[in-house]
Each structure stands twice: as C-alpha cells, then as structure tokens.
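Geometric and topological summary
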Amino acid sequence: MALEIIESCVNCYACEPLCPNQAIYQASPHFLIDADKCTECIGDFLDAQCASICPIEGAILTELGEPINPPGSLTGISLELLAKYQAAVEATYQAALAAKSA
Amino acid sequence: MDLPVINASPAASSGGCDSHSCGSTGDQLSHLPEHIRAKVHNHPCYSEQAHHYFARMHVAVAPACNIQCHYCNRKYDCSNESRPGVVSEVLTPAQAVKKVMAVAANIPQMTVLGIAGPGDPLANPERTFATFRELSEKAPDIKLCVSTNGLSLPESVEELCKHNIDHVTITINCVDPDVGAKIYPWVFWNNKRVTGREAAEILIAQQQKGLEMLTARGILVKVNSVMIPGINDEHLAEVSKVVKAKGAFLHNVMPLIAEPEHGTFYGLMGQPGPTHEELQKLQDACAGDMNMMRHCRQCRADAVGMLGEDRGQEFTLDKIEDMEIDYPAAMVKRAEVHAQIARELEIKEQAKSAKLELVSIQSQKKPEARPVLMAVATKGGGVINEHFGHASEFLIYEATGIDVRFIGHRKTTPYCEGGDTCGDGESALDRTIRELSGCEVVLCSKVGYEPWGPLEAAGIQPNGEHAMEAIEDAVAAVYEEMRAAGKLDVKPVVQRKAA
C-alpha cells in the first residue's frame, strides 16, 4: 500500500517535510515516494499529507494508479479550459521547436 | 519545467489586463514618524524617492506553498515573464547566500534582500530562516525582508524577530470570507486541505492575527492587495481601513495580472485586470485612509537590480560559482556609495524646498490650469536619461499649476527591440502608444524620427530637449511651456484609438 508521485510533479518541496514516515525524497527529475515506507498516512492522519498539500492535479496517484486530486479539483479550472490551454502550450512549443531547427 | 510564452491574442492584450500602473504621492513617507522613515529611506520598495537610487534583490529559496490563489499557476516558469511567483532557478540557502553576496559586491546600490517565493517563504521555514540566519551574520549591511500570504505568519513571528527582520509584507486581498472564497480555492491547514468559505475564513484570521503580532513588536508591515475587478475592487477600501487601524504603515494596491497563456484560473476564465484609470481611482480612494505605494513593479521572486530592471541573468548559479567575493572590501565600497547617494538626495531635498516656496508665490498669480500627464523614460537616478526606443517602462507624472506628482509607471516592449518579439499584428510602437494613453507628452533623452509622427498623431508630444535633467524640473518646465503657449486653455487633443 503506497502512493506514487509522477512526472507532473514540479519539485516544490511542499510534501517532503509533511510525510510522517520520511518516505518522500528528492530525486531527479522529480520527488519520489519510497513504497516500502509509505503507509498512506493511515494511523497518523485522516488524509494522506502529500496529496493534501500538493498543488498539481494528477501528480500523486493511489496504489491503483488513480489521481488523488483529479483535474479541476484544486484549481477549479474545468477540463475543457484545461485542454484548450494545454493545446495552446503544445502548439507554441512545437512552433518554437520548428523555428529553432529552421 | 520550461514553458514557452504564448503570444497573447489581440483580444486579450487590448484589455487592461497588462496594466502595471502603480503610483505615489511625492512625499508618501512624510507623515511617518522619524524612526520609521529612518528605516525605509533607502528601501526601494517602500520609498518612492529611494527607488530611483537603490536596488533590491529576491532569492528564490521558498518553492512550497500552503494555499492556492486564483491568479497563480504553480506550474509556470518562464524567464521572459515578470510577475510575482515566477522564477527560473530555485536555490538552496547556501546558494542563495553566495548569490546575495555576489550581487551586493557588484551592485553596491543593492540595499535590500527579500524572500518572496516562488511559493510562500513561511511555508518553507527551514530554507527561509537558514538563508536569513547566514546573511545577517555575513552581510550585516543588507536589510532583510519577507513577503507572505500570512497563513503561517503567527507561528513564525518569534523566529522573524530573532533574525532582525524589520520589514514584512503580507498579501491581504480581503477581510470578508465571502470575497475570499472567490480568490482562494483552498488552504492547507492543520494537516488538511480546506476549501471554500472556510478556507478564506482561516486565512483571513491568520493574516489579521499575524499583522497585529508584528506591529505589536515594532516590525514594519506593508500590506499588498491585488485589485481584481468585480471580485474585491469595491472591498479594498475597507481592507485599507482595517489594516491601517491595525498598524500597517503602507498599502500597495496592485493590478491583477491575468492572461490566458499564464494558465491561471483567472487568466483562463477571462477575468480582466483593472485599467490604468480604474487602478489609480482606487489608489486615490484608499489614500484617504492609508499611505499608498504606487511605484511597485510586481517583481519576480528572483528579481535582481533596480525596480523595473532585472539583472538576474548576470548572477546565475554557474556565473557566481566563478566569482571571488571579498565581502569586507565590498562593504566599505557599499558604504561609500550609500553615503554618496545620501548626499545627492540631501542636496536635491534642499533645492526642492527652495523651489516649493518659489512655486507657491508664482501659483498665486496664475489662474487654475488643467492637469497634464507626462510619460518619462529613465534608467534611474531621478533624471531623464533613457532613449524612447530603449525604454521598457515609462514613469507617469501629473503636472498641475501647483506641483508635479508621480502617479505610476507603465510597462512596454522597447520599441527598438520590437518587431521579432511581438508577433501578432500590433507593433511594439502601437503597444507603447496604447500604454501611454492619457499622456500628452513623452520626455526622453532621445527620440527617433520614425516614432515621432505616430506619437504626435496620437496626441503625445515627443520631447528630447530635457535630457539629463531632473525629472520633476523638466516636467514642470514643459508644463510651463504648455501654459505659455496657451495649450492648457484647450482640452487635450483627442487620442487616436489604438489599432
């Protein structure tokens, strides 16, 4: 039974000092959870601490691979708006790449 | 993560969202008690006069945050963006100390080190206080300050006092939880994520408690508020009253920065920021209750240099690694530079009071004339010393028959660097002309032939005749010329609508 931090983590350190089991550690390219130490905070807190302060939707998964904070749950930004934003970011990124290689 | 900037759509950029106008009365500190003035006279963020001469820097040692604001996107990091919370490189306390000493040795005008993020400094107490502890030992001639959302402030006050931090900024956007619920989606409190009205209630209570504790201990508190039209704009006059009553010495009302490409809730929802005029009106309304600050540039969490400039690229980690710093020697040089600036300011002050007497005699003879807004291009030092085409911001002054008053600044893209950085339709010159709306004159050390015509057509008279002159004197002189030419008897030329 353990949670997992995935690549959308922005390395903000917020979760690391909160873990009652010192299961979270800094790694590259992002923080990780030691599955052997993680208890999902059961017995210590009502809610998993890392997932309760993490500002990035989808960055922390349950053991079943489901996001504890699904898209829209923290920022209030709807899925539709989020998709639009991500498409625009991707388009600009690709354009910048194309301009660089040209 | 390094996201590229998306070009603003014309619809988004033509709104007031990128308004950066702040402003201040000329003698915003004059009513303060002597001991407070002594603390802030060389602090560029607190003294309008000081910001022409002294520099500041922020070190980004505090990435974690304990709340979410609707104007913030925690994923964002772009070196082309200048707004709070944005930062390129998070530093360890040791790296931060090295950087501060390198900057202090190379920019002797740097008087102030602030920790402002990119998250909340007090949500990273170990990293923040380790930096302060080492700096107060190694660089005792640098003022330390911290900027916080206030949630963890009460529990940090004791520690703040230990490090001799005499300036704290709290961002307070509301004192009413119903307003707060529209600004803060959640706070992390007592090991839980709390949402909605309850979250705002907790945050407001902590901010007010922290403010009271700090002022009771004699620590100077400045309050920052973000003006969000339709959300808290009408409420901020009340905020001003409340925080003044609790002892805050300065209130800084800043415009919301929200663009879709920032990926923030407000940006994506199309929440507009205030126009220059709306911001100034609110600042004037709050000024009745509170000392207002209008020269704020809403710096990045890793800004380096004079307000309005960022020399961070000269002090990246790899560059400071190679720098040999002899701090004791640097301290001597710094003290000399500070003393020289103090002498200059004193001479200026004397000249100013002599002139005030003269003006008060003259103004009795002259009929009331309408006020005129003028834009000024300056690199600092209180003089007109920047080319029109190189200016990335203009200071805005209001001249009347009685005095010259600084009312704010407006950012733009330097016209000479325009073209390739500003993609879609609107040229850099068009944008500058739009940003200068309401101004009738633009004063700069030089202005080229090409922008001259479009500026005139927009009702903004270019003027390069006062290069290297003191700003207030030049503005007063041009106002006098306009009066003599009869230009103050007629209404200003109607400004061309921005394309």
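With that out of the way, let us pick up the pattern of salt bridges. Residue and element names in this part refer to chain B. Overall, the coordinates contain 14 salt bridges over all chains when judged by the stated rule. For Glu-435, the salt bridge goes to Arg-434, with nearest N and O atoms at 3.9 Å. Comparing Glu-435 with Arg-434, the two get one shared label, buried. Linking Arg-483 and Glu-480 is a salt bridge whose minimum nitrogen-to-oxygen distance equals 3.3 Å. One end of the pair, Arg-483, and the other, Glu-480, are both in helix H15 (residues 471–484), 3 residues apart, so they sit about a helical turn from each other. Since its relative accessible area comes to 19%, Arg-483 is described here as buried.

Here we come to the domain arrangement of chain A. In terms of domain boundaries, chain A breaks down into domain 1 (4–70) and domain 2 (77–102). If you average the C-alpha positions of domain 1 of chain A and of domain 2 of chain A, the two centres end up 28 Å apart.

In this section: the packing of helix H5 (residues 153–162) of chain B against helix H7 (residues 196–216) of chain B. All names here are of chain B. Here H5 crosses H7 at 25°, and the two axes come no closer than 8 Å. Of the possible angle classes, the one that applies to H5 and H7 is roughly parallel. The way H5 lies across H7 gives a crossing that is right-handed. In this structure, H5 uses Leu-153, Pro-154, Val-157 and Leu-160 to contact H7, whose residues at the interface are Gln-206, Lys-209, Gly-210, Leu-211, Met-213 and Leu-214.

Here the focus is the sheet that holds strand S15 (residues 461–463) of chain B. Residues and elements named next belong to chain B. Ordered in space as S13-S12-S11-S14-S15, the 5 strands form an open sheet in which the pairing is mixed. Sheet topology places strand S13 (404–411) and S15 at the edges, where each strand pairs with a single neighbour. If you compare each strand with its neighbour and ignore which way they point, the axes differ by 25° on average. Where strand S11 (residues 372–376) and strand S14 (residues 439–443) come together, 4 bridges link them in parallel fashion. Within S14, the residue paired with Ala-375 across the bridge is Val-442. Of the strands in this sheet, S14 and S15 touch helix H14 (residues 449–457), which is tilted by about 140° from S15.

Residues and elements named next belong to chain B. For H15, which comprises 14 residues, the first-to-last C-alpha distance of 20 Å matches the rise-based estimate of 20 Å (1.5 Å per residue) to within 8%. Residues of H15 that are buried: Ile-471, Ala-474, Val-475, Val-478, Tyr-479, Met-482 and Arg-483. Looking at the packing, one finds that the buried side of H15 touches S11, strand S12 (393–399), S13, S14 and S15. Downstream of H15 by a residue or two, Gly-486 has a phi angle that is positive, lying close to 80°.

The subject of this paragraph is the interface of chain A and chain B. For an interface, size is often stated in terms of accessible area lost upon the parts coming together. Each partner contributes residues to the interface: chain A has 26 residues there, and chain B has 30 residues. Of the roughly 2300 Å² buried between chain A and chain B, counting both surfaces, carbon and sulfur atoms make up 68%. Connecting chain A to chain B are 0 salt bridges. Remark: the boundary between chain A and chain B carries 5 residue pairs in polar contact (both at pLDDT 80 or more).

Let us now look at helix H13 (residues 428–435) of chain B. Within H13(B), 7 of the 8 residues are buried, which leaves the element mostly enclosed by the surrounding structure. For H13(B), the full list of buried residues reads Ala428(B), Leu429(B), Arg431(B), Thr432(B), Ile433(B), Arg434(B) and Glu435(B).

This part takes up the sheet that holds strand S6 (residues 186–189) of chain B. Residue and element names in this part refer to chain B. Read from one edge to the other, the open sheet built from 3 strands follows the order S2-S6-S7, with strand pairing classed as antiparallel. For this open sheet the edge positions go to strand S2 (67–68) and strand S7 (192–195), each flanked by a neighbour on one side alone. Here S2 pairs with S6 via 2 bridges, running antiparallel. In the strand pairing of S6, Gln-68 is matched with Trp-186. The strands touched by H7 within the sheet are S2, S6 and S7, with S7 carrying the most contacts at an inclination of about 105°.

Our focus in this paragraph is the packing of aromatic side chains. Both the distance between ring centres and the angle between the ring planes are used here to describe each pair of aromatic rings. Residues and elements named next belong to chain A. Enumeration according to the criterion identifies 5 aromatic pairs over all chains in this entry. Between Tyr-13 and Phe-31 the ring centres are 5.1 Å apart and the planes differ by 70°, which places this aromatic pair in the edge-to-face class. In this pair, Tyr-13 sits in the loop between strand S1 (4–5) and strand S2 (24–25) while Phe-31 sits in the loop between S2 and strand S3 (32–33), placing the two residues 18 residues apart along the sequence. Phe-31 carries the same exposure label as Tyr-13, and that label is buried.

Cut-off values and rules
Residues numbered from 1 in each chain as written. Chains lettered and ligands numbered in written order. Predicted model: local features only at pLDDT ≥ 70, side-chain atom pairs only at ≥ 80, totals over all residues. Heavy atoms only, no water. Salt bridge = Lys/Arg side-chain N within 4 Å of Asp/Glu carboxyl O. Buried < 20%, exposed > 50% of the residue type's maximum accessible area, 1.4 Å probe, protein only. Helix = DSSP H or I, 4+ residues; strand = E, 2+ residues; numbered from the N terminus. Domains from an automatic or database assignment. Axes fitted to C-alpha atoms, helices over the stretch in contact; angles between N-to-C directions. Parallel < 35°, antiparallel > 145°, perpendicular 65-115°, else oblique. Left-handed = near helix turned anticlockwise from the far one by under 90°. Contact = heavy atoms within 4.5 Å. Pairing = 2+ DSSP bridges. Expected span 1.5 Å × (residues − 1). Buried area = accessible area lost by both parts, 1.4 Å probe. Polar contact = N/O pair within 3.5 Å; in protein donor to acceptor, adjacent residues only side chain to side chain. Phe/Tyr/Trp six-rings, centres within 6.5 Å; stacked < 30°, edge-to-face > 60°.

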